[in-house]
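# Notes for the structure review
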Amino acid sequence: MKQSLILFISAFLFAGVLQAQRTLQGTVQGKATGEPLAGAVVQVPGTNQATMTDAKGAFTISVGADVKTIRVSYVGYLTMQLTLGDQASLQIQLEPGIEMDNVVVVGSRNQTRTKTDSPVPVDIIPLGQVVNEVGQVDLNQILTFIAPSFQSARQAIADGTDHVDPAQLRGLGPDQVLVLVNGKRRHQSALVNVNGTVNRGTVGTDLNAIPANAIERIEILRDGAAAQYGSDAIAGVINIVLKQQTGLLIGNISAGQHMTSYDRDYVISAGKAPKVSVTDGQTIQAALNYGLKVGAKGFLNLTGEYTSRGETNRGGTYTGAVFPNVGTANRDDSIMAARGLNRNDFDMRIGNSRVKGGGVMYNFSYPLSGGWQLYAFGGINAKKGNAAGFYRYPSAVPAAVRTSVYAVYPNGFLPEINSDVRDISTSIGVRGKVGKWNADFSNTYGRNVFDFTVSNSVNYTQASVSNTWQREFDAGGLKFSQNTLNADLSRKFDVKQGLNVAFGAEYRMDQFGIRAGEETSYKNYNTAAGVAAGSQVFAGFLPSNEGNNNRSNISLYLDMEQDFTKKFMVAGALRFENYSDFGSTLNYKLATRYKISDNFTIRASTSTGFRAPSQQQKFYAKTNTLFVSTPAGLVPTESGTFTNESSPAQILGIPKLKQETSLSYTLGFTAKLMQRKLELSIDAYQIDINDRIVLTNNFSDGGDTVLRNQLRAANATTANFFTNAIDTRARGLEAVLSYNVKVGKQGQLKFTWAGTFIDNEVMKDAAGNPIIKASPVLIRTGQIRSYFNREDQSRIEVANPKNKTSLMVNYRSGKFSAMTRAVRFGEVTFLDPSLNPATPAAWPINTLTGVRETLDQTFNPHTIVDLTASYDIMKGVTLTVGGNNIFDVYQDRHNHSNNFSSGRFVYSRRVQQFGFNGAYYFMRVRFQL
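Helix and strand counts for the protein chain stand at 13 helices and 41 strands. The proportion of buried residues among the 929 residues of the protein chain is 60%. Summarising the internal contacts of the protein chain: among those between residues at least 6 apart in sequence, 72% fall at separations of at least 24. Accessible area of the protein chain: about 34900 Å², with a carbon and sulfur share of 57%.

Take a look at the structure:
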């Protein structure tokens, strides 16, 4: 905080002299309808001076006497730049249309740089408008269906990952994309994705902790930007811009549910699965947004949001042995009949977790003397979730504890993981002029806490020594906090057509901590029993895992943009960072843009980047029950995740973690055609990442007595670690096409097509085998396949869609509007970790079909269609009805090795295209006062 105070005091000491001011007043209307546009932005170009219109479209703004122009913009309308005369009152009418030249915050520190002038690709998503047209209610799902380069699919039976959806950009990891809010770094989640899902071993940002209704727009920079913004910005940057509007109370209430039919049970004789109808996943969301003026020129915008999402289940009927020693399935069924049960009473939950929660977000600005501005923004979010693990059938309960366990759970039990997630963030700063330099000094703090409670469970070792044992456990939790101090200065010089120079410094502190669970959640009460210790499904964190770990880093950057002519510009950036735990790194970026004509531009960039190993990856330690794929089915394994610097890591020769480094290239063009009503952009890229961090698979003790004893002390039989294991290359092509046309006197029709085509691969040797940076110890003991196997390879290369395209059509005429959208998700593939493609005679027999099958599976592409219609039923009130996935499309049934375990997984977590919940129908009422 000392450094913060010094910077803030310095800012005020160097504040410029007050300039003469004049006041402008006016109204903003839509030209086609004459209706006032509430929330339109009125801004002085190249500055932070701006205001928004009220409910009547009126505005008041004070500007310097030397200001000659103002810019007026509104979502769905063309931006207008007005030359000011002596008039003090303005009546402004905006033309409907797609705005091609939005000023962007991300990707450039030139305060007048627009989207089409940018030398790198930037998508602008007007979320303040989109959120009212779609059925998705959380930010991850909204972006998945609107931005092809962005991908996030909900997970199932994945511990904490059921509650925080990992998200990707360009098919890279969640921790290889940087998230900003109002241009400031957003903290990551405390959760580490350690179970067998896509994005295993990564740490991301919980975007769903930001209420979608608080957001004005989202800017997605699809280019490496570590030289500009620091660690993590390898795939790109997502900048979330919060609402600023005042004088309006905007609210919405939506309700919906899944109404679907799916193939639940495979019938061998019929060769198909008869469909069953399901209604579940009831979702309710309520949100309010209100902005008020603070003084004559300041504002405070507040958003509150609450969401309740019901669970879904798309599992299949279990066809394996339920009770022990029954001999035949018929005998199994007779026991169930005698108890008044059937196989559906032993269902697992394969679907969305149950989540209830909400949050408040604020955005504040207040003018100070000397042209300075005080600003602050942030929020609080809390949610509670409930998800289930693998069903513990009576036949799977260890013999040593059956008598005790059967007394409470005679039919086995489905253990549940309950999450309690709290998120807080706040940023405060001042911006203004230091001489002729634009200055911005800020401090940003964020904290995420993730606590676990296990219910409907048992600690087998406790049950082995007592008939009185717990069924609910506090399993401990994770916490992560980040504090970032920034000083940024920029100035435009009259060199050629303009030279923009920016430089600054950043000081950041990260802290990751683990809270141990209560004793019964982890303790082994009977080492002689030979059964797993700790609460079933999720054992508690050990006291030896507990503690806080800190890291700090300081960075300096220089960013320059030179417009040599009106057509040609070059940009460059350098950034130096020094970390307290692994040393220094220096990265660069070069970018250029050339306007062949006013309507055609080519652009290119190259940059180096890096990602520091997260504190979570360095210090996460825990024992988990993992169900590992084998030819015999899924086998429960007590796997300990140990820190990279632990004694087990040293015994196995696991090297210490270091940063990932990258080299990226982008080449593309933009075109404005058909009288600038159509915009097209195409960009190709390549990103090489060296020393990519992965979470290894499970190593045995290899006969080492010391290692065996250390594993036992952690209640584990195997060990895994985070390590720099591989090099990867990502190549892709991204395209966006937008077209806007008038229909009749009031109608407006807008088409948007976008696509991304991805080819990510692990670097391989001449024989086509992945190059794995394994330790000599693992090579010598024959455990290299546990370091990085085929399933790990598939998570990087093919477990996410290799291509995704979308076509969205928006129509509005008078009080009626409609949206239809078709999103095609490309094929995905599961690669079994143990398969030898050269020996099909050794492939296992599929218990569902009775034939030997490959353990791999490729899933066909599918198209999801959404449809909504809205009508202004009265002034300020809009009713929207619609459906997501209206044709009730599912991904292919999972027949791979991870689904051979007696038909439980109709849809599993190993690969994801678009989720597995089927059609969803909703209604929303929106009001504006």
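Below, the discussion takes up the environment of Asp488. Summarising the element assignment, Asp488 is placed in strand S22 (residues 473-493). For Asp488, a relative accessible area of 16% corresponds to the buried category. When residues no more than four places from it in sequence are discounted, the contact partners of Asp488 are Lys184, Asn438, Ala439, Asp440, Phe503, Gly504 and Tyr557. Separated by 2.6 Å, the side chains of Asp488 and Tyr557 make a polar contact.

The next subject is helix H13 (residues 790-797). Counting buried positions along H13 yields eight of eight residues, so the element is predominantly enclosed. Those residues of H13 lying buried are Arg790, Glu791, Asp792, Gln793, Ser794, Arg795, Ile796 and Glu797. Looking at the buried side of H13, the elements it contacts are strand S31 (678-695), strand S33 (722-743), strand S34 (747-762) and strand S37 (828-830).

Time to look at the sheet that holds strand S13 (residues 215-221). Across a sheet, paired strands are connected by hydrogen bonds in the backbone, their directions being either parallel or antiparallel. Reading across the sheet, the five strands line up as S8-S13-S14-S11-S12 and stay open at both edges, with mixed pairing between neighbours. Taken across any chain shown, the strands that pair with only one partner, and hence form the sheet edges, are strand S8 (122-125) and strand S12 (184-185). Relative to S12, strand S11 (residues 177-181) runs antiparallel, the two sharing two bridges. Opposite Val181, over in S12, you have Lys184 as the bridge partner. Packing against the sheet, helix H3 (residues 139-146) makes contact with S8, S13 and strand S14 (236-242), and its axis sits at approximately 55° to S13.

Another point: the nonpolar core. Counting 39 residues, the largest nonpolar core has Ile125, Leu127, Ile218 and Ile240 as the members making the most contacts within it. For this core, the secondary structure elements donating two or more residues are helix H2 (127-130), H3, strand S10 (167-169), S11, S13, S14, strand S19 (373-388) and S31. The greatest single-element share of this core, amounting to four residues, is contributed by H3. One finds Val164, Val421, Phe450 and Tyr620 within the second-largest nonpolar core, a separate group that totals 25 residues.

It is possible for side chains of opposite charge to pair when their charged atoms get near one another. Applying the stated criterion to the full structure yields 44 salt bridges. Where Asp440 meets Arg431, a salt bridge forms, and the shortest distance between an N and an O atom there is 3.7 Å. Comparing Asp440 with Arg431, the two get one shared label, buried. Three or more residues are tied together by salt bridges with common partners; here these are Glu506, Arg508, Asp510, Arg551, Arg575, Glu577, Asp581 and Lys618.

With that settled, consider unusual backbone geometry. Backbone geometry follows two general trends: most residues other than glycine have a negative phi, and most peptide bonds adopt the trans configuration. Despite not being glycine, Asn199 shows a phi value in the positive range, around 75°. Mapped onto the fold, Asn199 is located in the loop between S12 and S13. Phi at Asp691 takes a positive value of approximately 60°, unusual for a residue other than glycine. One can find Asp691 in strand S31.

Counting buried residues along H3, eight of its eight residues qualify, which places the element largely inside the surrounding structure. Among all positions of H3, only Leu139, Asn140, Gln141, Ile142, Leu143, Thr144, Phe145 and Ile146 are buried.

Pairing of S33 with S34, which is carried by 16 bridges, proceeds in the antiparallel orientation. The partner of Leu737 across the bridge, within S34, is Trp753. Once S33 ends, the chain turns through three residues before running back antiparallel as S34, passing Gly744 with a positive phi of about 70°.

Our next topic: the sheet that holds strand S6 (residues 80-83). Read across the open sheet, the four strands follow the order S3-S2-S5-S6; overall the sheet is antiparallel. Unpaired on one side and paired on the other, strand S3 (50-52) and S6 mark the two borders of the sheet. Between one strand axis and the next, the sheet turns by 20° as a mean value, whatever way the strands run. With four bridges connecting them, strand S5 (residues 69-73) and S6 associate as antiparallel partners. Bridge pairing links Arg71 to Gln81 in S6.

Enumeration according to the criterion identifies 27 aromatic pairs in this entry. A centroid spacing of 5.5 Å and a plane angle of 70° characterise the contact between Phe145 and Phe825, whose relative ring orientation is edge-to-face. In this pair, Phe145 is assigned in helix H3 and Phe825 in strand S36 (residues 816-825), connecting sequence segments 680 residues apart. Phe825 gets classed as buried once you look at its relative accessible area, which sits at 0%. Ring geometry for Phe323 and Phe346: centres 6.1 Å apart, planes at 85°, overall edge-to-face. Here the residue Phe323 occupies a position in the loop between strand S17 (298-309) and helix H5 (329-338), and Phe346 occupies one in the loop between H5 and strand S18 (354-367), the gap between them amounting to 23 residues. In this structure, Phe323 and Phe346 share a single accessibility class: buried.

The next point concerns a nonpolar patch on the surface. On the surface, Phe503, Leu556, Leu558, Met560, Leu574, Phe576, Leu586, Tyr588 and Leu590 cluster together to form a nonpolar patch covering roughly 800 Å² of accessible area. Every element with two or more residues in the nonpolar patch is listed here: strand S24 (547-563), strand S25 (568-579) and strand S26 (583-597). You can see Phe576 is positioned in strand S25.

Here twelve bridges tie S25 to S26, and the two strands are oriented antiparallel to one another. Its bridge partner being in S26, Asn578 is matched across the sheet by Ser584. Hairpin geometry of S25 and S26 is characterised by an intervening segment of three residues between the two adjacent antiparallel strands. Pairing geometry for S26 and strand S27 (residues 600-611), over eight bridges, is antiparallel. Looking at S27, one finds that Arg593 is bridged to Arg603.

This part covers the environment of Lys773. As for its position among the elements, Lys773 is in the loop between S34 and helix H12 (776-780). Taking the C-alpha atoms as reference, Lys773 lies 9.2 Å from Phe788; in sequence the two are 15 residues apart. Residues in contact with Lys773, not counting those within four places in the same chain, are Asp691, Asn724, Ala725, Asp727 and Tyr787. Within polar-contact distance, the side chain of Lys773 engages the side chain of Asp691 at 2.7 Å. Side-chain polar atoms of Lys773 contact the side chain of Asp727, separated by 2.7 Å.

This paragraph deals with the environment of Asp138. Relative to the helices and strands, Asp138 is located in the loop between H2 and H3. Here the alpha-carbon distance between Asp138 and Gln285, two residues 147 residues apart in the chain, equals 9.7 Å. Among all residues touching Asp138, those that are not within four sequence positions of it are Arg154 and Asn208. Among the polar contacts made by the side chain of Asp138, one reaches the main-chain amide nitrogen of Gln141 at a distance of 2.9 Å.

Turning our attention to the side chain of Thr307. Inspection of the secondary structure puts Thr307 in strand S17. Looking at Thr307, the relative accessible area reads 18%, which means it is buried. Not counting residues up to four positions away in its chain, the partners in contact with Thr307 are Val137, Thr283, Ile284, Gln285, Val355, Lys356 and Gly357.

What counts and what doesn't
- Residues numbered from 1 in each chain as written.
- Predicted model: local features only at pLDDT ≥ 70, side-chain atom pairs only at ≥ 80, totals over all residues.
- Heavy atoms only, no water.
- Helix = DSSP H or I, 4+ residues; strand = E, 2+ residues; numbered from the N terminus.
- Buried < 20%, exposed > 50% of the residue type's maximum accessible area, 1.4 Å probe, protein only.
- Contact = heavy atoms within 4.5 Å.
- Areas by Shrake-Rupley, 256 points an atom, 1.4 Å probe, with all protein chains shown as cover.
- Polar contact = N/O pair within 3.5 Å; in protein donor to acceptor, adjacent residues only side chain to side chain.
- Pairing = 2+ DSSP bridges.
- Axes fitted to C-alpha atoms, helices over the stretch in contact; angles between N-to-C directions.
- Core = buried A, V, L, I, M, F, W, Y, C linked by side-chain atoms within 4.5 Å.
- Salt bridge = Lys/Arg side-chain N within 4 Å of Asp/Glu carboxyl O.
- Phe/Tyr/Trp six-rings, centres within 6.5 Å; stacked < 30°, edge-to-face > 60°.
- Patch = residues over 30% accessible without salt bridge, like charges linked within 9 Å, V, L, I, M, F, W, Y side chains within 5 Å.

That is the geometry; function is a separate question.
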